Amino acid sequence: MTKNPLPEITRMKSEIKMITYKDLAKALRITELRARRLLKSKSLRKTSYGEFEYLVFRRDIGPYPEGTAVIFHDKTSPLVVPGYPSIARILLLSKAVPQHFRDQVVIEEKLNGYNVRIVKFAGKLLAITRGGYICPYTTHRLEKIFSEKRIDDLEDYVVFGEVVGTENPYTRYEYPECKDFCFFVIDVMKGGSFLSADSKREFCSDTGLECVREIDRVDKGEIEKIREIVNSMEKEKREGIVLKDPFNRVPPLKYTTTHTNIGDIAEGMKYMFDEGRTYIFPRILREALKSFEEGADGEELEKKMKKLGEALLAEPISSIKKVSLGGAITEEFTLRFYSESVIDEFLSFMQKQGIILNIKNMERENGEIIMWFMKPKRTNLELRNILNSGLSPLD
Ligand code: ATP
Ligand code: MG
């Protein structure tokens, strides 16, 4: 560790100048009148990143899903980066799979991380989150990963991927194959169309980027084979699977393990007034139908019910105890920066999202900076109020 002082944190205000309704109309192939109306509406959010200004779609607009971004740069016409489509969820494998798919089904691992789109625009690599924001931290980490690969030309491509590991500001899930920060390609779009399963693998082997694992290809009737795969994912404590048509003739479907469904409830209930409320019902529904389809009974079902009960009750009890003893329920994140200037960009980005981080510590290590921060949780305040008043904020 060196004795260099740690960077000062400053913030800059930016003004939007490049975004015009005329350019937007051209980029989206809509009328100027509609573009002007959209720009004034709450459906689009205007923001900026470095030399770029961009629009974020806060809902589906025409053929563009929520999370679509239109990026402006003064030297060229704007770039439309479509949002990653939402993936429908399977509750009953034996019904959904044969009804939905045509013939062959590609089974991929579903990785538990966060969705990122990568584009190259005006000579710069940009990493866009699911919501449509250019994340300075993710961009910074991916610039390094991409610079070590055989990629000369990404224009015309959108690389969709999942970032996994613990060194990021959004999710923390460790994999044996990735502890800190890894990127796996989940889909590739070229000229506005998704590549087939085989072309995607080819893209990955040509560029050297890591592709999400293809576990198997089965016929749509081979439900037992799919169930065996889910069971092996269960044993390995992995999130689940995404089923895809090899040529994208029908949209993909997702299915998750009991480990994930119940694990998410436990994690959510730790922060019961944050994630807890919205997490519970859909996940209980998933488990109820999964258990029904698998014919779970006897000891196996008892075990599952105990796990679910613990997730629902033990986690919140321990949170309540902690707050009652004057502690705080916190979610801690670790980030690693290769350059000081990115820290400022990242903090001002989080601030624009309305998230004020509580930075716990920063350390220098071999020219890199490691930062630990906590994200504020509403659960703390709510629990403190309940413990003081004894009254419920709900019914
Ligand atoms: P939704 O698809 O409804 O928007 P969500 O944002 O809650 O769902 P998930 O339930 O995690 O997200 O499921 C979809 C996400 O799974 C994708 O957006 C992608 O980030 C991620 N994912 C992980 N592995 C894959 C894979 N092999 N193929 C496609 N997506 C994958
Ligand atoms: Mg996910």
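Being a predicted model, the structure only gives us computed values, none of them experimental. (Residues numbered from 1 in each chain as written. Chains lettered and ligands numbered in written order. Predicted model: local features only at pLDDT ≥ 70, side-chain atom pairs only at ≥ 80, totals over all residues. Heavy atoms only, no water.)

Working definition: the covalent bond between the sulfur atoms of two cysteines is a disulfide. Enumeration according to the criterion identifies one disulfide in this entry. Here C178 pairs with C182 through a disulfide, and the sulfurs are 2.1 Å apart. An S-S torsion of about 100° defines the bridge between C178 and C182 as right-handed. Classification of C178 as buried rests on a relative accessible area of 2%. (Disulfide = S-S within 2.5 Å. Buried < 20%, exposed > 50% of the residue type's maximum accessible area, 1.4 Å probe, protein only.)

Turning our attention to the site of ligand 1. Taken together, 16 residues sit near ligand 1, with S86, I87, K110, R130 and E162 positioned nearest. In the environment of ligand 1, an oxygen atom lies 2.7 Å from a nitrogen or oxygen atom belonging to the backbone of I87. Within the complex, the protein chains bury 78% of what would otherwise be the 610 Å² of accessible surface of ligand 1. Among the secondary structure elements, those contributing two or more residues to the shell around ligand 1 are β6 (104-110) and β13 (240-244). Among the elements that make up the shell around ligand 1, the one with the highest residue count is β6 (three residues). Looking at the shell around ligand 1, its residues break down into six nonpolar, two polar and eight charged. (Near = heavy atom within 4 Å. Polar contact = N/O pair within 3.5 Å; in protein donor to acceptor, adjacent residues only side chain to side chain. Areas by Shrake-Rupley, 256 points an atom, 1.4 Å probe, with all protein chains shown as cover. Helix = DSSP H or I, 4+ residues; strand = E, 2+ residues; numbered from the N terminus. Nonpolar A, V, L, I, M, F, W, Y, C, P; charged D, E, K, R; others polar.)

Segmenting the protein chain into domains produces domain 1 (10-81) and domain 2 (259-324). The C-alpha-based centres of domain 1 and domain 2 are spaced at 40 Å. (Domains from an automatic or database assignment.)

With that out of the way, let us pick up the side chain of N168. Here N168 shows up in the loop between β9 (157-164) and β10 (182-190). On the accessibility criterion, N168 (0% relative accessible area) is buried. In this structure the side chain of N168 is engaged in a polar contact, spanning 3.1 Å, whose partner is the backbone oxygen of G165. Separated by 2.7 Å, the side chain of N168 and the backbone nitrogen of T171 make a polar contact. Discounting residues that sit within four places of it in the chain, N168 has contacts with Y114, Y137, F333, T334 and L335. (Contact = heavy atoms within 4.5 Å.)

On to the pattern of salt bridges. Per the stated rule, a full pass over the model turns up 37 salt bridges. Taking the shortest distance from any N to any O, the salt bridge between K124 and E143 comes out at 2.6 Å. Of this pair, K124 sits in strand β8 (residues 124-129) while E143 sits in helix α4 (residues 136-147), and the two are 19 residues apart along the sequence. For E143, a relative accessible area of 32% corresponds to the partly exposed category. Salt bridges sharing partners connect three or more residues here, namely E108, D187, D198, K200, R201, E214, R217 and K244. (Salt bridge = Lys/Arg side-chain N within 4 Å of Asp/Glu carboxyl O.)

This brings us to the nonpolar core. Formed by 64 residues in total, the largest nonpolar core has its most connected members in I71, I118 and L142. With seven residues, β10 is the single largest residue contributor to this core. When residues no more than four places from it in sequence are discounted, the contact partners of L142 are V116, I118, L125, A127, F181 and F183. (Core = buried A, V, L, I, M, F, W, Y, C linked by side-chain atoms within 4.5 Å.)

Right, let's talk about helix α9 (residues 298-324) for a bit. For α9, which comprises 27 residues, the first-to-last C-alpha distance of 38 Å matches the rise-based estimate of 39 Å (1.5 Å per residue) to within 8%. A bend of about 35° at E310 is the largest found in α9. Turning to α9, its buried residues are K304, A311, P316, S319 and V323. In this fold, the buried residues of α9 make contact with α7 (258-270), α8 (272-294) and α11 (378-389). Directly beyond the C-terminal end of α9, a positive phi value near 90° is found at G326. (Expected span 1.5 Å × (residues − 1). Bend = angle between axes of the 7 residues up to and from the residue.)

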